[in-house]
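One-letter residues, chain by chain:
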Amino acid sequence: DTGVSQNPRHKITKRGQNVTFRCDPISEHNRLYWYRQTLGQGPEFLTYFQNEAQLEKSRLLSDRFSAERPKGSFSTLEIQRTEQGDSAMYLCASSSVGQRYGYTFGSGTRLTVV
Amino acid sequence: AQKVTQAQTEISVVEKEDVTLDCVYETRDTTYYLFWYKQPPSGELVFLIRRNSFDEQNEISGRYSWNFQKSTSSFNFTITASQVVDSAVYFCALSEKDYGQNFVFGPGTRLSVLP
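What counts, and where the lines are drawn
- Residues numbered from 1 in each chain as written.
- Chains lettered and ligands numbered in written order.
- Predicted model: local features only at pLDDT ≥ 70, side-chain atom pairs only at ≥ 80, totals over all residues.
- Heavy atoms only, no water.
- Helix = DSSP H or I, 4+ residues; strand = E, 2+ residues; numbered from the N terminus.
- Rg over C-alpha atoms; globule rule 2.2 N^0.38 Å.
- Buried < 20%, exposed > 50% of the residue type's maximum accessible area, 1.4 Å probe, protein only.
- Lys, Arg positive; Asp, Glu negative; His and termini not counted.
- Charge placed at Lys NZ, Arg CZ, Asp CG, Glu CD.
- Pairing = 2+ DSSP bridges.
- Axes fitted to C-alpha atoms, helices over the stretch in contact; angles between N-to-C directions.
- 1 Å grid on protein atoms, 1.4 Å probe; cavity = no way out; pocket = protein on both sides within 12 Å on 5 of 7 lines; lining within 4 Å.
- Points joined across faces, edges and corners; volume = space filled by probe spheres on them.
- Nonpolar A, V, L, I, M, F, W, Y, C, P; charged D, E, K, R; others polar.
- Contact = heavy atoms within 4.5 Å.
- Buried area = accessible area lost by both parts, 1.4 Å probe.
- Salt bridge = Lys/Arg side-chain N within 4 Å of Asp/Glu carboxyl O.
- Polar contact = N/O pair within 3.5 Å; in protein donor to acceptor, adjacent residues only side chain to side chain.
- pLDDT = per-residue confidence, 0-100.
- Phe/Tyr/Trp six-rings, centres within 6.5 Å; stacked < 30°, edge-to-face > 60°.

**Considerations on the overall build of chain A**
Across its full length, chain A carries 0 helices and 11 strands. For chain A, the α and β elements follow one another from N to C terminus as β-β-β-β-β-β-β-β-β-β-β. For 114 residues, the compact-globule formula gives about 13 Å, and the C-alpha radius of gyration of chain A, at 13 Å, lands near that figure. A principal-axis box enclosing the C-alpha atoms of chain A has dimensions of 40 × 25 × 25 Å. Counting the 114 residues in chain A, one finds 48% classified as buried. Between the averaged position of the 15 positive side-chain charges in chain A and that of its 11 negative side-chain charges there is a distance of 5 Å.

Shown next as structure tokens:
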């Protein structure tokens, strides 16, 4: 287990379709985060899990977005009825309680809505 | 509200030049944490440094150094003797919670180091 894994790396979808992304964190990390990064901008916080509990959600996470971490391991982020404004890089990160050097990020899933 | 400003959108330098990336932050919290991350073309964010608001000592790590000045709310990052492999987007980030629970990122500075 060498890092945070995200799948797929790229996703192209038609407007109105649903998409789901997966994140596999570092196995011993109990905290998991989703961020969204649009072109030319820094990442923006979406949501945070500690184990299986979703403890924080950003106002950016509209009701079309849902995230789960059912067994406290991998997480999924689903976007329903995609819009062109959803086109972005979706980044996942993980950390452990007491980790003093920030998160470990995955390489992201790039979503393009056409 | 928290905010991070990185006024330099893009910087180009020639290899071996020194370069400083600026970061100015705003927060009302007395305890906060500042970070720098590097994002190479591959996309993943690579942690570089974490600094808490009570530790104003400057830090050097190899060719990297950081200058934290609370009086001016700045946390600048200098690369000495830059190399082509330093080419990336660099993000400064701020968090008010322990260990960066949810960051506020700046817009990033794209650094190009030319051979």
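**Regarding the sheet that holds strand β3 (residues 19-24) of chain A**
Residues and elements named next belong to chain A. The strand order across the open sheet formed by 4 strands is β1-β3-β8-β7, and the pairing between neighbours is antiparallel. Of all strands in the sheet, those with a lone pairing partner are β1 (5-7) and β7 (65-68), marking the two edges. For this sheet, the mean angle separating the axes of adjacent strands, direction not counted, is 15 degrees. Note that β3 and strand β8 (residues 75-79) share 5 bridges and pair antiparallel. Pairing of Thr-20 across the sheet is with Glu-78, part of β8.

**Brief notes about the layout of surface pockets**
Taken as a whole, the largest pocket encloses approximately 560 Å³ of empty space. Together, 27 residues line the largest pocket, and Gln-37 and Gly-40 of chain A together with Gln-39, Val-89 and Arg-110 of chain B are the ones closest to its centre. Within the residue set of the lining of the largest pocket, elements represented by two or more residues are β10 (88-95) and β12 (109-114) of chain B. It is β10 of chain B that contributes the most residues to the lining of the largest pocket, 3 residues altogether. Taken together, the residues of the lining of the largest pocket sort by class into 8 nonpolar, 15 polar and 4 charged. Its boundaries defined by the atoms lining it, the second largest pocket holds a volume of some 480 Å³. Sorting the residues of the lining of the second largest pocket by element identifies β5 (44-50) and β6 (53-57) of chain A together with β1 (3-5) and β11 (104-105) of chain B as the ones contributing at least two each. For the lining of the second largest pocket, the class distribution of residues is 8 nonpolar, 6 polar and 7 charged.

**Side note on the interface of chain B and chain A**
Frequently, the measure chosen for interface size is the accessible area removed from exposure when the parts meet. Residue-level contacts link 20 residues of chain B with 22 residues of chain A. Buried area between chain B and chain A, summed over both chains or domains, comes out near 1,700 Å², and the portion from carbon and sulfur atoms is 50%. Seen at the junction of chain B and chain A, the total is 0 salt bridges. Across the chain B-chain A interface, the total number found is 4 residue pairs in polar contact (both at pLDDT 80 or more). Listed by contribution, the elements that provide at least two residues to the side of chain B that touches chain A are β5 (33-39) and β6 (46-52) of chain B. The element that contributes the greatest number of residues to the side of chain B that touches chain A is β5 of chain B, accounting for 3 residues. A breakdown of the residues in the side of chain B that touches chain A according to their chemical character gives 9 nonpolar, 7 polar and 4 charged.

**A look at the confidence of the model for chain A**
Residues shown with low pLDDT carry predicted positions that ought not to be read at fine detail. With 96% of its residues at a pLDDT of at least 70, chain A reaches an overall mean of 91. In the model of chain A, β6 of chain A stands out as the element of lowest mean pLDDT, 88, in contrast to β3 of chain A, which has the highest, 98.

**Concerning the packing of aromatic side chains**
For the structure on display, the rule yields 27 aromatic pairs over all chains. With a centroid separation of 6.1 Å and 90 degrees between ring planes, the pair formed by Phe-91 of chain B and Phe-105 of chain B is classed as edge-to-face. In this pair, Phe-91 of chain B sits in strand β10 while Phe-105 of chain B sits in strand β11, placing the two residues 14 residues apart along the sequence. Judged by its relative accessible area of 9%, Phe-105 of chain B falls in the buried class. Ring centres of Phe-103 of chain B and Phe-105 of chain B lie 5.5 Å apart, and the angle between their planes is 65 degrees; on these two criteria the pair is classed as edge-to-face. Given the relative accessible area of 3%, Phe-103 of chain B is considered buried. Among the aromatic side chains, those forming a connected cluster through ring pairs are Tyr-33, Tyr-35, Phe-45, Tyr-48, Tyr-103 and Phe-105 of chain A together with Phe-35, Tyr-37, Phe-47, Phe-91, Phe-103 and Phe-105 of chain B.

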